[in-house]
Amino acid sequence: MFGGESGLVARALAESEPISIRPVMASAPNGSWIHDRRDGERRSVAEDTGRPLDRHVIDELYGATLAAALDAGICVLAGPHRPRLISSTPYERLAADLRANGVVVVTDLSGEHLFAALRSGVDFCKVSDEDLAKTDDFDSLPIEAMLDRLRELGAANSAITRGADTLVAQIGDDAHEVMTPQLQAVDHRGAGDAFTALVAASAYWGLDWCEAIRWGAAAGALTVVRRGLATADRREIHQLLARTTLHPLLH
């Protein structure tokens, strides 16, 4: 969705990348942020989180997403920066429509948007333990029980990130701890996005979920040593892959 002056900038940046876009235009401007990083640290100067989407824009987004996902065979459902920008209802409907038509559904959501998608079932769910702990259904649960609960709610496979700790994953009946090289973090932001992106891309390439998670974990690990969000190079990710392993998570 592109709207206002910030939308014009966002669209131009997106079109400059080697990707195809299906633009949906809106009157409300896109959310935008201005950061000052001249001293090496990220300092927020100004922020506009955007406006709630009206029903016409939501309908246009729904149709465009559905059509693109049917073409690709896989879809990543990501959440809004602020929950108020769009209700959770389209996520539940979209996940149901996509899976009914054989599209692989990957989610990177939290809160009610996550639970809405899970009610329709998803092929792979990525979420942070911090976000899960904010909900009554997951509060105080050990990590193994969190994985089991996600499966009960509708995630065929899942991964839970734990900040600086190793991430854990449930693939079918098996729970894993994902080990990556120990690296000094420069900027942790974008690591989760890099993980989800590589998991989805790997699934699109035909890799199984265990291999997809290894690719995603390597990308996330490499992202934290760089400034800039999810900017790791594929060749470097491939080099870290040999040091990224899955081990059984003992209950």
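About the thresholds
- Residues numbered from 1 in each chain as written.
- Predicted model: local features only at pLDDT ≥ 70, side-chain atom pairs only at ≥ 80, totals over all residues.
- Heavy atoms only, no water.
- Helix = DSSP H or I, 4+ residues; strand = E, 2+ residues; numbered from the N terminus.
- Expected span 1.5 Å × (residues − 1).
- Buried < 20%, exposed > 50% of the residue type's maximum accessible area, 1.4 Å probe, protein only.
- Contact = heavy atoms within 4.5 Å.
- Polar contact = N/O pair within 3.5 Å; in protein donor to acceptor, adjacent residues only side chain to side chain.
- Phe/Tyr/Trp six-rings, centres within 6.5 Å; stacked < 30°, edge-to-face > 60°.

## Observations regarding helix 2 (residues 55-72)
Part 1: When the terminal C-alpha atoms of helix 2 are compared, their 25 Å separation across 18 residues agrees well with the 26 Å that a helix rising 1.5 Å per residue should span.
Part 2: Within the sequence span of helix 2, burial applies to Val57, Ile58, Leu61, Tyr62, Ala64 and Ala69.
Part 3: Along its buried surface, helix 2 packs onto strand 2 (25-26), strand 5 (74-78) and helix 3 (89-100).
Part 4: At the N-terminal end of helix 2, a side-chain oxygen is found 3.0 Å from the backbone nitrogen of His56, two or three residues along, and the residue is Asp54.
Part 5: Looking at the residues trailing helix 2, positive phi occurs at Gly73, about 85°.

## Brief notes about the packing of aromatic side chains
How two aromatic rings sit relative to each other is given by the distance of their centres and the angle of their planes.
Part 1: Counted under the stated rule, the structure contains 4 aromatic pairs.
Part 2: Seen from their ring centres, Phe115 and Phe138 are 6.2 Å apart, and the 15° between their planes marks the pair as stacked. Placement of the pair is Phe115 in helix 4 (residues 111-120) and Phe138 in the loop between helix 5 (129-133) and helix 6 (143-153), with a sequence separation of 23 residues.
Part 3: Seen from their ring centres, Phe124 and Phe195 are 6.4 Å apart, and the 45° between their planes marks the pair as tilted. One end of the pair, Phe124, is in strand 7 (residues 124-128); the other, Phe195, is in helix 7 (residues 191-204), and 71 residues separate them in sequence. Accessibility classification places Phe124 together with Phe195 in one group, the buried group.
Part 4: Ring-pair connections join several aromatic residues into one group, and the members of that group are Phe124, Phe195 and Trp209.

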